[in-house]
Amino acid sequence: MDIFMLYVLPALVGVGIGILSGLLGIGGGTVMVPIFRLAFDMSPVMSTATSLFTIIPTSVSGAVSHIRHKTCIPSLGIAAGLGGAITSPLGVWLAQISPAWMIMLAAALIIGWSAFKMLSKAFKMKKASPSAVGSLQATAAVHAETAPDKSIESATASGSPVGPSPSSKLTRKQLLVGAVIGLVAGVASGYVGVGGGFIMVPMMLSLVGISMRQASGTSLIAVMILAIPGVIEQALLGNINYAAGIAIAIGSIPGAVIGARLVRVVPERMLRFIFGCFLLLAAALLVLNEFGILS
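You'll find the protein entered in an unreviewed UniProt entry as Probable membrane transporter protein, with Paraeggerthella hongkongensis given as the organism. Regarding the protein, the UniProt comment filed under Sequence similarities (unreviewed entry) reads as follows: "Belongs to the 4-toluene sulfonate uptake permease (TSUP) (TC 2.A.102) family."

Right under this line is the structure:
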């Protein structure tokens with residue numbers, strides 16, 4: 001029973017986390033932090049540190065699959081990742097000097113805000129039939145040269161996966177916006193032990209104008225870069241529970257590959273609903289636990 005609880009069960013949970021990671025473009029920290037805190041009874045600091053450690057192999061696995069299937073924009077992911085790598089150590093430092101309850105409250109608030117933005121956008125989107133999606137894609141392609149931003153915005157508002165193709169070059173302004181998004185996500189990543197995808201995905205959708213499918217893969221590229229400095233700092237501080245992190249990573253790595261494949265067939269509107277609902281659940285669990293309701 002001890003072997004099952006220590007190794008088999010975490011690996012099975014990791015598969016689910018990996019699928020969500022590859023599907024939604026998150027490192028999985030929004031799920032792992034509550035799991036490490038509630039199921040493994042870790043301290044808030046160790047929960048966030050171990051989550052950050054596990055995020056790297058999970059995001060690498062999902063990012064490689066997204067790159068292979070061309071469901072991402074690598075240049076934007078690298079820009080956001082480098083921006084986040086600069087500020088993630090700052091987040092780790094803030095976590096070290098903050099009260100334990102404040103870390104979990106910050107995580108819940110950030111996750112809840114992201115859920116609200118994601119669900120509100122999903123409710124505004126119309127359900128598009130396959131023929132309508134094809135028509136929108138054709139229309140966007142015709143007008144891409146004269147009004148690329150407008151065509152992308154109108155198409156994504158209706159639920160189609162239209163946006164810059166993975167091979168297309170983004171403008172310098174878009175890449176700069178991506179780097180700024182990474183700066184914000186980096187602080188959150190180091191502070192609450194998440195990859196930052198729950199912040200980057202909504203911001204990439206609204207500020208850069210790419211589709212949900214592209215945002216998922218692009219976010220994972222950024223996550224695998226920006227998490228590295230934070231993990232190194234947490235390791236030097238001795239805050240990581242390697243056994244628990246590796247146990248979950250064993251399942252999350254193949255799970256992320258599965259999720260990256262699913263993103264090509266799951267409708268855009270459904271992706272947003274899944275993402276939003278999962279974020280709400282994670283935020284609620286953290287708040288309930290810190291108030292002692294789940295204890």
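Once the structure has been displayed, the description carries forward.
A.B. asks: What is the right way to look at helix α3 (residues 44–69) in this model?
C.D. replies: The α-helix winds at 3.6 residues per turn, so residues separated by three or four positions along the chain end up facing the same way. The terminal C-alpha atoms of α3 lie 36 Å apart, and with 26 residues this matches the ideal 38 Å at 1.5 Å per residue to within 8%. For α3, the principal kink sits at I55 and spans about 30°; a proline, P57, occurs within the next four residues. Phi turns positive one or two residues past the end of α3, at K70, with a value near 60°.

A.B. asks: Honestly, helix α5 (residues 100–124) in this entry has me stumped. Any pointers?
C.D. replies: For α5, built from 25 residues, the straight-helix expectation of 36 Å at 1.5 Å per residue is met to within 8% by its first-to-last C-alpha distance of 37 Å. Within the span of α5, buried status applies to I103, M104, A106, A107, A108, I111, S114, A115, M118, L119 and A122.

A.B. asks: Mind showing me how you'd approach the side chain of T58 here?
C.D. replies: Mapped onto the fold, T58 is located in helix α3. A distance of 3.0 Å separates a polar atom in the side chain of T58 from the backbone oxygen of T54. Among residues more than four places away in sequence, those in contact with T58 are G18, S21, G27, S252 and A256.

A.B. asks: Explain the environment of R213 to me, please; I cannot follow it from the model alone.
C.D. replies: Mapped onto the secondary structure, R213 falls in helix α10 (residues 212–237). Given a relative accessible area of 12%, R213 falls into the buried group. Each C-alpha atom, one on R213 and one on R264, is 7.2 Å from the other, the two residues being 51 residues apart in sequence.

A.B. asks: Would you mind going over the packing of helix α4 (residues 74–97) against helix α8 (residues 172–192) with me for this structure?
C.D. replies: Working note: a packed helix pair is described by the angle between its axes plus the distance between those axes. Close contact between α4 and α8 brings their axes to 5 Å; oriented N to C, the two are set at 30°. As summarised for this structure, α4 and α8 are arranged roughly parallel, according to the angle between their axes. Handedness of the crossing formed by α4 with α8: right-handed. Among the residues making up the contact of α4 with α8, the classes are represented as 13 nonpolar, 11 polar and no charged.

A.B. asks: What am I meant to see in the side chain of T87 here?
C.D. replies: Topologically, T87 is positioned in helix α4. We classify T87 as buried; its relative accessible area is 12%. Discounting residues that sit within four places of it in the chain, T87 has contacts with G182, L183, G186 and V187.

A.B. asks: Would you mind showing me how to read the packing of α5 against α8 here?
C.D. replies: For the pair α5 and α8, interaxial distance at closest approach is 10 Å and the crossing angle is 135°. What the angle tells us is that α5 and α8 run oblique. Seen along the crossing, α5 lies across α8 with a hand that is left-handed. Contacts between α5 and α8 involve M102, I103, A106, A107 and I110 from the former and A188, Y191 and V192 from the latter.

A.B. asks: It is not clear to me how the UniProt feature "transmembrane region" (unreviewed entry) in the protein should be interpreted in this structure. Could you clarify?
C.D. replies: As annotated by UniProt and renumbered to match this structure, "transmembrane region" (unreviewed entry) occupies residues 7–33, 45–64, 76–95, 101–119, 175–201, 207–228, 240–263 and 269–288. End C-alpha to end C-alpha, residues 175–201 measures 15 Å, and it is 85% helix and 0% strand.

A.B. asks: Can you help me understand the confidence of the model for the protein in this one?
C.D. replies: In low-pLDDT regions, the fine details of the predicted coordinates are not to be read closely. Residues of the protein with pLDDT of at least 70 account for 81%, and the chain-wide mean is 78. Across the protein, the secondary-structure element scoring lowest on mean pLDDT is helix α6 (residues 130–143), at 41, and the one scoring highest is α4, at 91. A low-confidence stretch, residues 129–162 (pLDDT under 50), is modelled with 38 contacts involving residues beyond four sequence positions or located in other chains.

A.B. asks: I keep staring at a nonpolar patch on the surface and nothing clicks. Help me out?
C.D. replies: On the surface, I86, L176, V180, L183 and V184 cluster together to form a nonpolar patch covering roughly 450 Å² of accessible area. Note that L176 resides in helix α8.

A.B. asks: Please clarify how the nonpolar core should be interpreted in this entry.
C.D. replies: Grouped burial of nonpolar side chains is what soluble globular proteins tend to show. With 61 residues, the main nonpolar core has L24, M200, M204, M212 and F275 as its most contacted residues. Sequence-distant contacts of M212, that is, excluding residues within four places in its chain, are made with L24, M118, V201, L205, E268, L271, R272 and F275.

A.B. asks: Any chance you could explain unusual backbone geometry here in plain terms?
C.D. replies: Only a minority of non-glycine residues have a phi that is not negative, and only a minority of peptide bonds are not trans. One non-glycine residue, D41, lies in the positive phi region at around 55°. As for its position among the elements, D41 is in the loop between α2 (29–38) and α3. Taking the relative accessible area as the measure of exposure, D41 reaches 64% and is therefore exposed.

Definitions and cut-offs
Residues numbered from 1 in each chain as written. Predicted model: local features only at pLDDT ≥ 70, side-chain atom pairs only at ≥ 80, totals over all residues. Heavy atoms only, no water. UniProt positions renumbered as here; feature names shortened; annotations may be inferred. Helix = DSSP H or I, 4+ residues; strand = E, 2+ residues; numbered from the N terminus. Expected span 1.5 Å × (residues − 1). Bend = angle between axes of the 7 residues up to and from the residue. Buried < 20%, exposed > 50% of the residue type's maximum accessible area, 1.4 Å probe, protein only. Polar contact = N/O pair within 3.5 Å; in protein donor to acceptor, adjacent residues only side chain to side chain. Contact = heavy atoms within 4.5 Å. Axes fitted to C-alpha atoms, helices over the stretch in contact; angles between N-to-C directions. Parallel < 35°, antiparallel > 145°, perpendicular 65-115°, else oblique. Left-handed = near helix turned anticlockwise from the far one by under 90°. Nonpolar A, V, L, I, M, F, W, Y, C, P; charged D, E, K, R; others polar. pLDDT = per-residue confidence, 0-100. Patch = residues over 30% accessible without salt bridge, like charges linked within 9 Å, V, L, I, M, F, W, Y side chains within 5 Å. Areas by Shrake-Rupley, 256 points an atom, 1.4 Å probe, with all protein chains shown as cover. Salt bridge = Lys/Arg side-chain N within 4 Å of Asp/Glu carboxyl O. Core = buried A, V, L, I, M, F, W, Y, C linked by side-chain atoms within 4.5 Å.

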